[in-house]
Amino acid sequence: MSYFIEKEAVLDKSIKYWNPGKTIQWQKDGVDLVMGKREGYTFFDLDGKQLMDVHLNGGTYNLGHRNPEIISTLTEAMKDFDIGNHHFPSLVRAQLAEALNKATPDSLKYSILSSGGGEAIDVALKCARYATKRTKIISIENGYHGHTGLAVSVGNERYSKLFLSNGNEKDFVQVPFNDLEAMEQALSKEDAACVIIETIPATYGFPLPEEGYLAAVKKLCEKYGSLYIADEVQTGLMRTGEMWGIDVYGVKPDILVTSKGLSGGIYPIAATVVSEQAGKWMMEDGFAHISTFGGAELGCIVAMKVLEITQRDEVKQNVRFVSSYIREGLEKIKSENADFFVGIRQLGVVMGLEFNHPEGAKFVMQSLYENGVWAIYSMLNPRILQFKPGLLCDKAYCDELLNRVEASVKSASAACKITN
């Protein structure tokens, strides 16, 4: 099999055999991207175009594309390990579970391992239903939690309605983000298994929790007998400057879900880390949930290396540098384009750039692409550009990135004025 074919042939095959709608839409959006060589926080299109990556596939490439330490770890592991057998205790699954226990809030105990974030969310919701003997799940309007069974039903209807998977109104209730009154009204019936919240809702454009909001939601859960699930798939693993976004807000969840970056961008793996209460079902019937590829042993070894790298002092310090340095540069760009670039939503290297046009972030995405930067607009709020630098970026990378952003914002602003 040849992995080196002409770009047009890849696009043609993608339309014929993979996903015609997605492939065609990207062409309409001016992004004719087919990824080729990649390394660090840069990748190349098959036609040779170089792109700085500040999308990172939702944080999958926190530590960069093809991180040498992670590749070396996986290569060494392949001498002795494979996927393993999900039925039996495993040396590396046990070690990863212990590492996650130590790396997560002390309210959590067991780790249930999956192959991806949606599956891990499904596990979280099942655990909450088991622990409370309730079926109702409360989530946030315009949230995103993946595309599998229960997970797709608690997200925005864009991803569920097409497949008749919205879920019935009795069991799937959504309330506005940052609205405590609506949250208490939903919880006060004392029939909700849980509340599930992305600590900072990614696909909605990273609106930040208002001061005290998440802590108040946790207290309401305790008051009305519901569990609190922190979806940390995009905000975990030091992206906020702390190991978990929820740590910033002083909340100890009953369940925490991590994925994407846990893979190191090399081997798919996810984890649902649960309290003793939420994991008690495993004492009743440990075979009640199984996943053949959940906790694949090679993935466990990669995930342990990811946790080790992520928790190094120098990595945490670098996240703080990148956060402040890029923010300073973005503020300057914003001040020079104040009629178009109107806001910066930020916690650590989780950033959403807000533009004063209904689809402003689409224009900026296209302009950035032309100037060699890959960032993506928020699918549920195209005013907001998802802007997500990696944990290990250096000053030279940040300087070049800011130069390209400056040129791109000016170009996009002009394009928006023409369309108006």
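Details of the structure are given in the entry above.
Residues numbered from 1 in each chain as written. Predicted model: local features only at pLDDT ≥ 70, side-chain atom pairs only at ≥ 80, totals over all residues. Heavy atoms only, no water.

Caption draft 1: Representation of the sheet that holds strand β1 (residues 35–39) within the structure. Strand order in the open sheet formed by four strands is β1-β2-β3-β13, with mixed pairing between adjacent strands. Each edge of the open sheet is held by one strand with a lone partner, namely β1 and β13 (373–374). Where β1 lies against strand β2 (residues 42–45), three bridges are found, and the strand directions are antiparallel. Bridge assignment links R38 to a residue of β2, and that residue is F43. (Pairing = 2+ DSSP bridges. Helix = DSSP H or I, 4+ residues; strand = E, 2+ residues; numbered from the N terminus.)

Caption draft 2: View of the nonpolar core. Grouped together as the largest cluster of nonpolar side chains are 94 residues, with contacts concentrated most on M183, I197, L330, L385 and F387. Setting aside residues up to four positions removed in sequence, M183 forms contacts with I138, I140, V175, V195, I197, Y213, V217 and L220. Formed by 26 residues, the second largest nonpolar core is a distinct cluster that contains I121, A124, L150 and V154. (Core = buried A, V, L, I, M, F, W, Y, C linked by side-chain atoms within 4.5 Å. Buried < 20%, exposed > 50% of the residue type's maximum accessible area, 1.4 Å probe, protein only. Contact = heavy atoms within 4.5 Å.)

Caption draft 3: Structural detail: the packing of aromatic side chains. Here the structure, examined in full by the defined rule, presents eight aromatic pairs. Ring geometry for Y144 against Y159: centres 5.6 Å apart, planes inclined by 80°, an arrangement best described as edge-to-face. Highlighted residues: Y144 in the loop between β5 (136–140) and α7 (149–153) and Y159 in the loop between α7 and β6 (172–175), separated in sequence by 15 residues. Using a relative accessible area of 22% as the deciding quantity, one classes Y144 as partly exposed. Ring geometry for F340 against F355: centres 5.0 Å apart, planes inclined by 35°, an arrangement best described as tilted. In this pair, F340 sits in the loop between α13 (313–336) and β11 (341–347) while F355 sits in strand β12 (residues 350–355), placing the two residues 15 residues apart along the sequence. Here F340 and F355 have matching classes, each one buried. Among the aromatic residues, those joined into a ring-pair cluster are W26, Y369 and W374. (Phe/Tyr/Trp six-rings, centres within 6.5 Å; stacked < 30°, edge-to-face > 60°.)

Caption draft 4: Fine view of the pairing of strand β4 (residues 110–114). Among the five residues in β4, four count as buried, and that is most of the element. Of the strand pairs in this sheet, β4 and strand β10 (residues 270–274) are connected by five bridges, and their pairing is antiparallel. Bridge pairing links L113 to A271 in β10.

Caption draft 5: How the structure looks around the packing of helix α1 (residues 7–18) against helix α2 (residues 20–28). Across the interface, α1 lies against α2 with an axial gap of 7 Å and an inter-helix angle of 145°. Of α2, the residues touching α1 (which contributes L11, S14, I15 and W18) are P20, K22, T23, I24 and Q27. Looking at the contact of α1 with α2 residue by residue, the class counts come to five nonpolar, three polar and one charged. (Axes fitted to C-alpha atoms, helices over the stretch in contact; angles between N-to-C directions. Nonpolar A, V, L, I, M, F, W, Y, C, P; charged D, E, K, R; others polar.)

Caption draft 6: Expanded view of the packing of helix α8 (residues 180–187) against helix α9 (residues 213–224). At their nearest, the axes of α8 and α9 sit 10 Å apart, and the two run at 15° to each other. Classified by the angle their axes make, α8 and α9 are roughly parallel. The crossing of α8 and α9 is right-handed. Across from L180, M183, E184 and L187 in α8, the residues of α9 making contact are Y213, A216, V217, L220, C221, K223 and Y224. (Parallel < 35°, antiparallel > 145°, perpendicular 65-115°, else oblique. Left-handed = near helix turned anticlockwise from the far one by under 90°.)

Caption draft 7: Here's a closer look at the pattern of salt bridges. Following the criterion strictly, the structure yields 25 salt bridges and no others. Across the salt bridge formed by K79 and E76, the nearest N and O atoms sit 3.0 Å from each other. For E76, a relative accessible area of 46% puts it in the partly exposed group. We note a salt bridge from K252 to D106, for which the minimum N-O separation is 2.9 Å. Separated by 146 residues along the polypeptide, K252 in the loop between α10 (245–248) and β9 (255–258) and D106 in the loop between α5 (91–103) and β4 bring together distant segments of the chain. A single salt-bridge network, built from bridges that share partners, covers K7, D32, D45 and D47. (Salt bridge = Lys/Arg side-chain N within 4 Å of Asp/Glu carboxyl O.)

Caption draft 8: Structural detail: α8. All buried positions along α8 are accounted for by A182, M183, A186 and L187. On an axial view of α8, the arc spanned by its buried residues comes to 130°, and they lie on one face. Opposite the buried face of α8, by more than 90 degrees, sit the exposed residues E181 and Q185. Buried residues along α8 sit in contact with β5, β6, β7 (192–198) and α9. Backbone nitrogen of E181 and a side-chain oxygen of the N-cap are separated by 3.2 Å at the start of α8; the cap is D179. (Arc of directions from axis to C-beta. Polar contact = N/O pair within 3.5 Å; in protein donor to acceptor, adjacent residues only side chain to side chain.)

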